[in-house]
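A structural walkthrough
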Amino acid sequence: MRNRVAILAVTSVLPLTAVASLAAASQAAADPQSGEVVVTGSVGDCNNGESPKEVQITAGTENPTDKNPGVENAGAYAVTFQKIPTKGVTGAALVTCASDTYTVKVKITRPTAAGDLVLRKELKE
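Residues numbered from 1 in each chain as written. Predicted model: local features only at pLDDT ≥ 70, side-chain atom pairs only at ≥ 80, totals over all residues. Heavy atoms only, no water.

Overview of the pairing of strand β5 (residues 89-96)
Defined as follows: When DSSP locates at least two bridges between a pair of strands, those strands are taken to pair. A run of DSSP states H or I qualifies as a helix once it reaches four residues; a run of E qualifies as a strand once it reaches two. Both are numbered from the N-terminal end.
Examined bridge by bridge, strand β2 (residues 54-59) and β5 share six bridges and lie antiparallel to one another. When the sheet's bridge partners are listed, Q56 is paired in β5 with L94. Across eight bridges, β5 lies against strand β6 (residues 101-108) in antiparallel orientation. Looking at the pairing, A92 lines up with K105 of β6.

What follows is the structure, encoded as structure tokens:
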């Protein structure tokens, strides 16, 4: 009986240990002290009804661009910054369509919690 209790105790503790290990690993994946931020979201059509072709966000010294088919086909974009300062930075998103463009002011900030790299920003004219 004592062996069964010991086996049950070990089998109930192992899953808890695995969950704690996974939680620690995911928290280490993103560091709010790091300047890396992925900005993603939906992007609206231009005033003339054309679908966007690309999204470029300029913030600080960086200006990553998303020209992937998802911008036009799904109205979704994602760009990655590497040097976002602790206090964040104000920038501008330039949405380019075939014959029209529009600009949206955006504030890019670092994640507030470990495990979070993504900042969602919806871009509409």
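Next comes the rest of the description.
Section: the nonpolar core
Which entries qualify depends on this criterion: Among buried residues, the Ala, Val, Leu, Ile, Met, Phe, Trp, Tyr and Cys ones that are joined through side-chain atoms within 4.5 Å form a nonpolar core. Only protein chains enter the accessibility calculation, which uses a 1.4 Å probe. A residue is then buried if its area is under 20% of the maximum for its type, exposed if over 50%, and partly exposed in between. Contacts are assigned to residue pairs with any non-hydrogen atoms lying within 4.5 Å of each other.
The biggest cluster of nonpolar side chains holds 22 residues, and the ones touching the most others in it are V39, I57, I108 and L123. If you list the elements that add at least two residues to this core, you get β1 (37-42), β2, β4 (76-81), β5 and β6. At four residues, the largest contribution of residues to this core is made by β6. Look past the residues within four positions of I108 in its chain and what remains in contact with it is V37, V39, I57, A59, F81, I84, G88, V89 and L119.

Quick look at the sheet that holds strand β3 (residues 65-66)
Strand order in this open sheet of four strands is β3-β2-β5-β6, and the pairing throughout is antiparallel. Whereas interior strands pair on both sides, the edge strands pair on one side only; in this sheet they are β3 and β6. In the sheet, β2 pairs with β3 via two bridges, with the strands oriented antiparallel. Directly across from V55, in β3, lies its bridge partner D66.

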